[in-house]
Amino acid sequence: MVAPEVLARATALRQEIEQHNHAYYVLDAPTIPDAEYDRLFRELQALEADHPELAAPDSPTQRVGGKPLEGFAKVRHVVPMLSIRTETDTTAAGAHAFDALVRKKLDQLVRSGRLDAALAMPPIIYHAELKFDGLAVSLRYERGLLVQAATRGDGETGEDVTQNIRTIHAIPLRLKGEAPAVLEVRGEAYMRRADFERYNEMQRAAGKPLLVNPRNGAAGSIRQLDPKLCAQRPLAFFAYGLGEVQGWTDQPETHSGTLDALAAFGLPVCAERAICRGPDELAAFHDAIEARRNSLGFDIDGVVYKVDSLALQAALGFASREPNWAVAHKYPAQEALTVVEAIDVQVGRTGALTPVARLKPVFVGGVTVTSATLHNQDEIDRKDVRVGDTIIVRRAGDVIPEVVGILPERRPQPEPPRYRILDSHPVCPVCGSHVVRLDDEAAVRCTGGLYCAAQRKQALLHFASRRAMDIEGLGDKLVDQLVERSLVHSPADVYRLDPATLAALDRMGEKSAANLAAAIEASKATTLARFIYALGIRHVGETTAKDLARHFGRLDALITASRDDLLAVRDVGPIVAESIQQFFAEPHNLDVVQRLREAGVTWPETAGVQQSAGKLAGKTLVLTGTLPTLTRDVARDRIEAAGGKVAGSVSKKTDYVVAGAEAGSKLARARELGVTILDETALLALLADDQVAEQKNIDF
Ligand code: IVH
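Residues numbered from 1 in each chain as written. Predicted model: local features only at pLDDT ≥ 70, side-chain atom pairs only at ≥ 80, totals over all residues. Heavy atoms only, no water.

This paragraph deals with the nonpolar core. General note: in soluble globular proteins, nonpolar side chains tend to be found buried as a group. Within the largest apolar cluster, 54 residues are counted, with the highest numbers of intra-cluster contacts made by I471 and L548. Considering each element in turn, this core owes the most residues, six residues, to helix α17 (residues 528–534). In this structure, L548 is in contact with I532, V540, G553, L558, L566, V569, V572 and I580, ignoring residues within four places of it in sequence. Core analysis: the second largest hydrophobic core is formed by 35 residues, A189, I222, F237 and W248 among them. (Core = buried A, V, L, I, M, F, W, Y, C linked by side-chain atoms within 4.5 Å. Buried < 20%, exposed > 50% of the residue type's maximum accessible area, 1.4 Å probe, protein only. Helix = DSSP H or I, 4+ residues; strand = E, 2+ residues; numbered from the N terminus. Contact = heavy atoms within 4.5 Å.)

Moving on to helix α23 (residues 632–641). Note: α-helices contain 3.6 residues per turn, so residues at a spacing of three or four share the same orientation. Considered for burial, the residues of α23 that qualify are A635, I639 and E640. Angularly, the buried residues of α23 cover 130° about the axis, an arc narrow enough to put them on a single face. Just past α23, the residue G643 takes up positive phi, approximately 90°. (Arc of directions from axis to C-beta.)

On to the pairing of strand β15 (residues 353–364), then. Sheet topology places strand β14 (residues 335–347) next to β15; seven bridges connect them, and they run antiparallel. Looking at the pairing, V347 lines up with L353 of β15. Summarising the sheet, β15 and strand β16 (residues 367–373) pair through six bridges and their orientation is antiparallel. Of the residues in β16, the one forming a bridge with V362 is V369. Hairpin connection from β15 to β16: two residues lie between these consecutive antiparallel strands, with G365 at a positive phi of about 60°. (Pairing = 2+ DSSP bridges.)

This paragraph deals with the site of the ligand. Surrounding the ligand, one finds 14 residues, the nearest of these being I84, E129, L130, E188 and Y240. At 2.9 Å from an oxygen atom of the ligand is found a main-chain nitrogen or oxygen belonging to I84. E188 places a polar side-chain atom, nitrogen or oxygen, 2.3 Å from an oxygen atom of the ligand. Relative to its unbound accessible surface of 520 Å², the ligand loses 87% to contact with the protein. No other element matches strand β3 (residues 125–132), which puts four residues into the shell around the ligand. Here the residues of the shell around the ligand are counted per class, giving nine nonpolar, one polar and four charged. (Near = heavy atom within 4 Å. Polar contact = N/O pair within 3.5 Å; in protein donor to acceptor, adjacent residues only side chain to side chain. Areas by Shrake-Rupley, 256 points an atom, 1.4 Å probe, with all protein chains shown as cover. Nonpolar A, V, L, I, M, F, W, Y, C, P; charged D, E, K, R; others polar.)

Another aspect to go through is the side chain of Q203. Examined against the element boundaries, Q203 turns out to sit in helix α5 (residues 193–205). Judged by relative accessible area, Q203 falls into the buried class, the value being 11%. Excluding anything up to four places from it in sequence, Q203 contacts K208, P209 and L210.

To continue, consider the sheet that holds strand β2 (residues 85–87). If you walk across this open sheet you meet the five strands as β2-β13-β10-β3-β9, and the pairing is mixed. One side of each edge strand has no neighbouring strand; the edge strands of this open sheet are β2 and β9 (274–277). With strand direction ignored, the average angle separating the axes of adjacent strands in the sheet is 35°. Sheet topology places strand β10 (residues 300–307) next to strand β13 (residues 326–330); five bridges connect them, and they run antiparallel. What sits directly across from K306, in β13, is A326. Relative to the sheet, helix α3 (residues 93–111) contacts β2, β3, β10 and β13, its axis offset from that of β2 by approximately 130°. Lying on the sheet, helix α8 (residues 255–264) is in contact with β3, β9 and β10; it crosses β3 at an angle near 50°. (Axes fitted to C-alpha atoms, helices over the stretch in contact; angles between N-to-C directions.)

Scanning the model with the defined rule gives 13 aromatic pairs in all. Relative to F265, the ring of W248 lies with its centre 5.7 Å away and its plane at 50°, an arrangement referred to as tilted. Residue W248 is located in the loop between β8 (236–246) and α8, and its partner F265 is located in the loop between α8 and β9; the two are separated by 17 residues in the primary sequence. Taken individually, W248 and F265 each receive the classification buried, so the pair is uniform in this respect. (Phe/Tyr/Trp six-rings, centres within 6.5 Å; stacked < 30°, edge-to-face > 60°.)

Moving on, we come to helix α21 (residues 574–585). Given a rise of 1.5 Å per residue, twelve residues ought to cover 16 Å, and the 16 Å separating the end C-alpha atoms of α21 matches this to within 8%. Every buried residue of α21 is listed here: V576, A577, S579, I580, F583 and F584. Along the long axis of α21, the arc covered by the buried residues comes to 165°, so they all point the same way. Turned more than 90 degrees away from the buried face of α21, the exposed residues are I575, Q582 and A585. On its buried side, α21 packs onto α18 (542–552), α19 (555–559), α20 (563–567) and α22 (587–598). (Expected span 1.5 Å × (residues − 1).)

Attention shifts here to the packing of helix α13 (residues 453–464) against helix α14 (residues 476–484). Here α13 crosses α14 at 135°, and the two axes come no closer than 10 Å. As summarised for this structure, α13 and α14 are arranged oblique, according to the angle between their axes. The handedness of the crossing between α13 and α14 comes out as right-handed. Contacts from A453, R456, K457, L460 and L461 of α13 reach α14 at D476, V479, D480, V483 and E484. Its residues placed into classes, the contact of α13 with α14 shows five nonpolar, no polar and five charged. (Parallel < 35°, antiparallel > 145°, perpendicular 65-115°, else oblique. Left-handed = near helix turned anticlockwise from the far one by under 90°.)

In this section: the packing of helix α1 (residues 4–26) against helix α2 (residues 34–50). Each packed pair of helices is defined by two parameters, the angle between the axes and the distance between the axes. One can describe the packing of α1 onto α2 by two numbers: an axis separation of 10 Å at closest approach and a directional angle of 145°. Where α1 crosses over α2, the two elements pack in a sense that is left-handed. For the pair α1 and α2, the contacting residues are V6, R9, A10, L13, R14, E16, I17, H20, N21 and Y24 in the first and D34, Y37, L40, F41, E43, L44, L47 and E48 in the second. By residue class, the composition of the contact of α1 with α2 is ten nonpolar, two polar and six charged.

See the structure below:
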């Protein structure tokens, strides 16, 4: 017999740990630090080790995975696991087609006297939810205890994957509250994108195989015979329906009510769901989710519409293993299979040769994709992409299409050779200069510098870009011509172009030539920060350029700065300092600067400040989502003017996260780390304070 106080302690620990699990994995709102959680967990493990009679199937220690299996046992589904009909029309019209079908069926039922007309009155109430992209599973709870988990299989018979499912922390081992005698919960096991990336990052570091995408990650993990392997994969779960139910006294009468009840039992239910009255509201849900698809944090392949009333669902019934009361309305696929026809390189501003896969055209993410970036040699090696390979290409949102992975079994025979940038391009394809790969760099670079037309073009485009000299109208088509016709060799030549020369270029009328000439003229009055950024010094981005301008105040002070002077600037480290010194040690760079000044490029100079005195001095902020009135650029400028710094990602060092509409993972991360979150009003108040403070200084 276990002593009562030991049993009481074990029970208390189990309850507390499961509460933290629920807060962390289901509610996404952790309640205690990781270290504290670990301490509780280890205490429970020790108790159970000392008292084997304490063993219990719903103990959180039982999630780590038991012995590997020989194979999966079969599980017969008492209530079959059906699939959903897919509406092929991907526009809003799909919602109307589904509604028309439901109403037609209901009309037939009313006319044949099998349904009360009052129940079939439009608008029909629907429930709209997401179509998760993972693996369907059925969880069987008996008197609240998780006793079995199964895959869908052919819908009638699946596989027993209980051991693996127990490793998913979001799935309760015991339901909260008064649980029915039998409750089968149907839902999707999936992998969050950030977890997928983190997992692959770890695998990459360990030189181990990578997961192709989150869906394969989820499906593959659950089919692992060794539950310890599944336990290492960070899976999640969303409940979306029911299987067999026995003895549920106050069972809800709607699907939405069912999901609410499942959430109350402690099961994860996705918050992105809505009651929709009629097809217009379904279509609006479809469009709203599509717009936010890439910021959800996990993959979906569409939305699902379901008739909300369970009585109507029962009346509508099934046809060929698909319910008449549900439909999946898909979005264009973000991944597709295609073939690599060639591998080319592109030469960038810093001379990096970026390998690009030329693809057999394929429709993905709503557009036809013909090429995808391969980043660098390491990436090609890691993915082992070769010409002729069949690959998975992914295009999500506006991001550049990427090669996700190859299908080794489809590689042509005999095998095509490995691709090596340096072998294919010992010299730059644009200027013929030597190509090198420095020891500590991933990139392979052309050594031609501004002699290389590709680098010159990119340098000019950068020089003219909006956040640099802001020469409106000087885009890539014009830059191509200016460089190819030898009209412009360096940025300084831009200021020698006259309207007549510009008007003689292709696609240039007199009016647009005059506009461009005016934009070139207007760009002469600039700021030191823009000018430094426009020079395109390696490792000097916009933020560093601003810091340098603020610190030194005058260009000559920057040009003559010693290494130590440079290292005194906020966020300037040895690599940046060296790059700046190298840049200004190059006579032709000094010559370009000189000629730009002679051409009339000017900026106000100051004595420089060592420390920014603004209200946000030393503070790091992260912007996320859409703010009601400020654009990103304006918000950033104002924060920086107050001495603050804008970073791209949230970390422990972040002081504030400014969140607008549709803020996604960064906001979640901020909550996780307990970073102060501001809305636009709060940000403006902080900035206004700052302006008041400055004003006061002036008055004194
Ligand atoms: S309901 C009777 N709801 O889609 C209807 N399924 O073809 C049963 N799926 O592999 C399914 N998200 O795993 C339903 N919100 C959702 C879903 C969903 C994803 C998957 C399901 C199955 C397939 C159905």
